[in-house]
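Listed below, chain by chain, are the residues.
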Amino acid sequence: MLRLSLLVLFALLIFPPAISAKSLILVTLDTPPQTYLENGKPTGFLVEIVAEAVKRAGYIPDIRIVPWKRAMAMAEKGTADAVFNAGFNEERYKFLRYPETILITEKVVALRRAGSDTYFSADFVGAEKYIGGVGRAFYYGEKVDKALKDKLFKRIEEVPNLDLNAKKLLMGRIDFFFADYYPALSFLNDHNLLDKVEAVLDPKTGLPLVYSKSDTYLAFSRKKAPEAFKKVSAELKKMKQDGIYKKIMFKYIPVHDGF
């Protein structure tokens, strides 16, 4: 018995990190393919990326998908260690620590019927000829938001979700609709529509034209000690450099090369 006790004590001394690893509560919203629930379990490429960075930093990830307002409240109060897929603004900066490394850059594209000649430039030159679709109460970034307010399009129609915009597009009721690239690509892939719907492409590069960009971050609560923030942020930066970040993303969605 004494020998067994000594062996246990020896193991505790030799392997303390494995035994005393701290859990980090990380919250986010439901936004497939970045973050979503599958059989009640959080999944998605940002869930996997964040979990990997946390593990590499020596912590145990406890990822929870909750309504966005609740996620922010948890980070502000310190009941969550961090919130991810969070954009930057001055109000959030008061209670969140933001790293230098961007978690993801959301890109707003315009989707048209495959093979159609619908085209307007990144500065919306030519947009006045087209009827477009948007999601009701969706925010597409400063540039697109201004174009919508300035009524640069022939007409804009609002619907509750991506599915209805896609149906209206294929029925010829609209010429294009705006969408965040990654969720849109995932939706089209899941519904076998990649051969029927395509992004408006930049004629110079052949890549989707980006009409607005928005950076989001893995931001940590200021109510918590900064140690985990520094360690996890450093590991996320390494993952982007060593290619693991992009490898994980490719598991979930097809991405245009170079985009």
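As the structure is a prediction and not an experimental result, all values here were calculated from the model. (Residues numbered from 1 in each chain as written. Predicted model: local features only at pLDDT ≥ 70, side-chain atom pairs only at ≥ 80, totals over all residues. Heavy atoms only, no water.)

Notes on the overall build of the protein
Here is step 1: On a plain count of helices and strands, the protein comes out with 10 helices and 12 strands.
Here is step 2: Within the protein, the fraction of its 259 residues that count as buried is 46%.
Here is step 3: When the accessible surface of the protein is summed, it comes to about 14,300 Å², and 55% of that surface belongs to carbon and sulfur atoms. (Helix = DSSP H or I, 4+ residues; strand = E, 2+ residues; numbered from the N terminus. Buried < 20%, exposed > 50% of the residue type's maximum accessible area, 1.4 Å probe, protein only. Areas by Shrake-Rupley, 256 points an atom, 1.4 Å probe, with all protein chains shown as cover.)

Some thoughts on the pattern of salt bridges
Here is step 1: On inspection of all chains with the given rule, the structure shows 15 salt bridges.
Here is step 2: Note that Arg-155 is salt-bridged to Glu-157, the shortest N-O span being 2.9 Å.
Here is step 3: For Arg-155, a relative accessible area of 40% puts it in the partly exposed group.
Here is step 4: Residue class for Glu-157 comes out buried when judged on its relative accessible area of 18%.
Here is step 5: Overlapping salt bridges, with partners in common, bring together Glu-52, Arg-56 and Asp-242 in one network. (Salt bridge = Lys/Arg side-chain N within 4 Å of Asp/Glu carboxyl O.)

Details of the pairing of strand β12 (residues 212-221)
Here is step 1: Most of β12 sits out of view: seven of its 10 residues are buried.
Here is step 2: When strand β5 (residues 82-87) meets β12, the two strands line up antiparallel, connected through five bridges. What sits directly across from Val-83, in β12, is Ala-219.
Here is step 3: Alignment of strand β7 (residues 104-113) against β12, held across five bridges, turns out to be antiparallel. Paired with Glu-106 across the two strands is Ser-214, which belongs to β12. (Pairing = 2+ DSSP bridges.)

Some details on helix α7 (residues 162-170)
Side chains three or four residues apart in an α-helix point the same way, a direct result of the helix having 3.6 residues per turn.
Here is step 1: Taken residue by residue, α7 has Asn-165, Ala-166, Lys-168 and Leu-169 as its buried positions. Down the axis of α7, the buried side of the element spans an arc of 165°, and every buried residue falls inside it.
Here is step 2: The N-capping residue of α7, defined by a side-chain oxygen 3.3 Å from the backbone nitrogen of Asp-163, is Asn-161.
Here is step 3: Downstream of α7 by a residue or two, Gly-172 has a phi angle that is positive, lying close to 80°. (Arc of directions from axis to C-beta. Polar contact = N/O pair within 3.5 Å; in protein donor to acceptor, adjacent residues only side chain to side chain.)

Side note on the confidence of the model for the protein
Here is step 1: Of the residues in the protein, 90% reach a pLDDT of 70 or more, and the chain-wide mean stands at 89.
Here is step 2: At the low end of the mean pLDDT range in the protein sits helix α1 (residues 2-14), at 50; at the high end sits strand β4 (residues 60-65), at 98. (pLDDT = per-residue confidence, 0-100.)

Notes on helix α4 (residues 68-77)
Here is step 1: Every buried residue of α4 is accounted for by Ala-71, Met-72, Met-74 and Ala-75. One side of α4 holds all its buried residues, which, seen down the axis, span an arc of 160°. Of the exposed residues in α4, the ones pointing more than 90 degrees away from its buried face are Lys-69 and Lys-77.
Here is step 2: Turning to α4, the residues buried within the fold contact β1 (23-28), β4, β5, α5 (90-93), β6 (96-97) and β12.
Here is step 3: Following α4 by one or two positions, Gly-78 adopts a phi angle in the positive range, close to 90°. (Contact = heavy atoms within 4.5 Å.)

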